[in-house]
Amino acid sequence: MKRVVNWMVGADMRNILLMVALIVLLAFGGAELGRVASARMLHADALSTSSDWAESLMNNFELLPAVFAGTPPSAQTQYSLRQATQIGDVYRFSLWNCSGQLVFSSQQIPGEPRTLAQSLGKANADAILAGTAMAFARTQGRNGDPEYFAVSYVPVKRHGEALGVIGMYLDQTSDMALYEHSFLAIECIIAFGMLIAGGIPAAMVYRKMLDHRAAQAEALFLAEHDPLTGLPNRNRLTDRAETALALANRNHGQVAAVLIDIDRFKEINDTFGHNAGDELLRQFAARLKNSVRTEDLPVRMGGDEFCVLQVGLTQPSGAASLAQRLNTMLAEPYQIGGLELNSTASIGVAIAPVDAKDWDSLVSCADAAMYKAKDEGRNTFCFFQSGMDAALRERREIEADVRRALDTNAFQLAFQPLLHCGSRQLVGFEALLRWPEGWPSQPPTKFIPVAEESGLMVPLGAWVLETACRAAMGWKAPLKIAVNLSPVQFRHGDVVTVAERALRISGLPPERLELEVTESVWLQNTDSVLDQLVRLRDMGVSIALDDFGTGYSSLSYLWRFPFDKVKIDRSFVAEMQVEPKAEAIVSSVVALAKTLHLTVIAEGVETQAQADALNEIGCDEAQGYLFGRPVPAVQADALIEAALSDTDGIAAESSSASFELS
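Here's what I pulled together on the structure shown here. Quick caveat, the model's predicted, so the values are computed rather than measured. (Residues numbered from 1 in each chain as written. Predicted model: local features only at pLDDT ≥ 70, side-chain atom pairs only at ≥ 80, totals over all residues. Heavy atoms only, no water.)

## A closer look at the overall build of the protein
When its secondary structure is counted, the protein shows 22 helices and 21 strands. In the protein, which comprises 662 residues, the share counted as buried stands at 46%. Excluding contacts between residues fewer than 6 apart, the proportion of contacts in the protein whose partners are at least 24 apart in sequence is 67%. As displayed, the protein has an accessible area near 32,600 Å², and 54% of this comes from carbon and sulfur atoms. (Helix = DSSP H or I, 4+ residues; strand = E, 2+ residues; numbered from the N terminus. Buried < 20%, exposed > 50% of the residue type's maximum accessible area, 1.4 Å probe, protein only. Contact = heavy atoms within 4.5 Å. Areas by Shrake-Rupley, 256 points an atom, 1.4 Å probe, with all protein chains shown as cover.)

What follows is the structure, given as structure tokens:
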């Protein structure tokens, strides 16, 4: 591209130079043409003036033939002849006889030639004596001659007989000035016309050339740089990386690929808007640029992913030092639009030629190490190790399968019974998302985090909510269905719209829908989350706080938002019989919920002892393998029919079914 730009700029410059040269050539040509025309006109003037003056002299001096014949003029005649120089442009003259001998001179000039041949040369003298008038231009004369003058030789006759030649010196200085001024004026007019006719187009071409050069330079910059941050992009990185790898291979050196991903950037982008996200990227890019050496290349790979090509250092210590510096730098607060935002980074490092020998493979290794850093809790860095690339490939395969399952509507729901703690009556089901049947098995703990990180959780959550509502609407008993919403769904601010659509399509009354949220949802924009939950409750939908006690500042959320239910996490239920502290926590949660008029649900009940203990401390509802494993929708319908056949099989109050996303 550089060669193309240089060629186009060079072509434009050549055209402009050609036009300038043409204008200069025409200007000089005009000047030369004016000089030639002036000389010709002065020559013609000299001949015409000389002929007229010679004729006038012949007519006014009767004795002139005698002078030509060799008779010495008298003093009176000489005086009269000298006075003739006062008429017209002739300021002195000479008379030459038919033999070319000087017979009279109005002004004696020392050393003046005595013959016409000596003065003009034999050829010119013979031509003049034969009857040809001639004029010669002269400049910078001597003996008082003007600045510009002409010497004319006019043969004279009387009654057809040749008398001789009159040589006249004419002062043409004023005529020369007149012609020069006239032609100068003409040349100026011509030059001005040429300037208008050629200069303006030339200026336009030059301006176009400058604009074109600027556009090409900008195109070249954009081809190799990220327009948002100003950092080099993948194209520039690939060229530099290949050169660096070749040089390192020759010198037995090492090259590091440091891949950087901003943690939870999508949450910031969705919560605070794209403008805040763009400003975060710009500020991070500036920090990144200031943290690397001049010989290293910081690059924006795309989205919230950056890379540093590090060369010329001993590895892995050089890359580790940079990664530590970047982790510290990115963790500092960002001032964006009056807000103070906190962010961290997950960094993966791969070293060539140890981990890979070509650049694409090296970046893949760094990518695998970066995801390892995310799995270890983020805000850290990891070096590539053997086997990481297999884990990354597996994650990408899972993401591709999630997309395919969504496109083909292949996901399934399973339903786990939910019973009343005391009466053991069926009060509903918990709907669990299951991997498509017949596909290589994947547990929810693997594919759901991938869906959340890849942005697929929003369409997947909408599908689950709609499918669960349709299934509940087909039940023969008016049971509730609760859907556990992922925090990712709240970032887009359209949970209410998704719920309204699911209820409208399925026909399920809002009071039969229960939505569960975990405490992690409050880590986002609390006001936005609270607004969406309030709107859902206003619709008649129940809200439950899931996994209570395992999140952050649980008690504060109970009074910030009036939940309908609280679910005790399975980890406390599992430890109740072996750890007194766990039983004390469960008892405290139940007592607190009763005080706040909340329904308490215990999940993960697997033994009769656990069920008895929960019933004894006042837990309202329970679910777990003790009461039934998750079953397909057909078997859930059969369980409902069986419960309906038993007069005590279904609780009188509305029951709940919940959908686990995590």
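Having seen the structure, we can now continue with the description.
## Focus on the pattern of salt bridges
Scanning the entire structure with this criterion turns up 27 salt bridges. A salt bridge links Asp126 to Lys122, with the shortest nitrogen-to-oxygen separation between them at 2.8 Å. Separated by 4 residues within a single helix, Asp126 and Lys122 lie in helix H5 (residues 122-129), roughly one turn from each other. The exposure class of Asp126 is partly exposed, given its relative accessible area of 38%. (Salt bridge = Lys/Arg side-chain N within 4 Å of Asp/Glu carboxyl O.)

## Here we look at the packing of aromatic side chains
Evaluated as defined, the whole model comprises 15 aromatic pairs. A ring pair is formed by Phe284 and Phe306, whose centres lie 4.7 Å apart and whose planes are at 75°; its orientation type is edge-to-face. Here Phe306 lies in strand S8 (residues 305-311) and Phe284 lies in helix H9 (residues 274-291), a separation of 22 residues in the sequence. Seen from their ring centres, Phe415 and Trp475 are 6.2 Å apart, and the 80° between their planes marks the pair as edge-to-face. With Phe415 in strand S13 (residues 412-420) and Trp475 in the loop between helix H14 (457-473) and strand S15 (481-484), this pair connects stretches of sequence that are 60 residues apart. Pair check on accessibility: Phe415 and Trp475 agree, each one buried. A network of ring pairs unites the aromatic residues Phe411, Trp435, Trp439, Phe447 and Trp463 as a single cluster. For the cation-ring pair, Arg287 lies above Tyr334, with the distance from its terminal atom to the ring centre recorded as 3.8 Å. Sitting above the plane of the Trp439 ring, Arg404 keeps its charged end 3.9 Å from the centroid. (Phe/Tyr/Trp six-rings, centres within 6.5 Å; stacked < 30°, edge-to-face > 60°. Lys NZ or Arg CZ within 6 Å of the ring centre and 35° of its normal.)

## Observations regarding the environment of Ala117
With respect to the secondary-structure elements, Ala117 resides in helix H4 (residues 116-120). Since its relative accessible area comes to 37%, Ala117 is described here as partly exposed. Residues Ala117 and Ser99, spaced 18 residues apart in sequence, show a C-alpha to C-alpha distance of 9.8 Å.

## With respect to the sheet that holds strand S4 (residues 148-158)
By way of backbone hydrogen bonds, the strands of a sheet pair with one another, either parallel or antiparallel. Ordered in space as S2-S1-S5-S4-S3, the 5 strands form an open sheet in which the pairing is antiparallel. Two strands close off the open sheet at either side, each with one partner strand: strand S2 (102-105) and strand S3 (134-139). With strand direction ignored, the average angle separating the axes of adjacent strands in the sheet is 20°. Here S4 runs beside strand S5 (residues 161-171); their pairing, made up of 10 bridges, is antiparallel. (Pairing = 2+ DSSP bridges. Axes fitted to C-alpha atoms, helices over the stretch in contact; angles between N-to-C directions.)

## Here we look at a negative patch on the surface
A contiguous patch of negative charge, built from Asp239, Glu242, Asp358 and Asp360, is present on the exposed surface. Within the element layout of this structure, Glu242 appears in helix H7 (residues 234-251). (Patch = residues over 30% accessible without salt bridge, like charges linked within 9 Å, V, L, I, M, F, W, Y side chains within 5 Å. Lys, Arg positive; Asp, Glu negative; His and termini not counted. Charge placed at Lys NZ, Arg CZ, Asp CG, Glu CD.)

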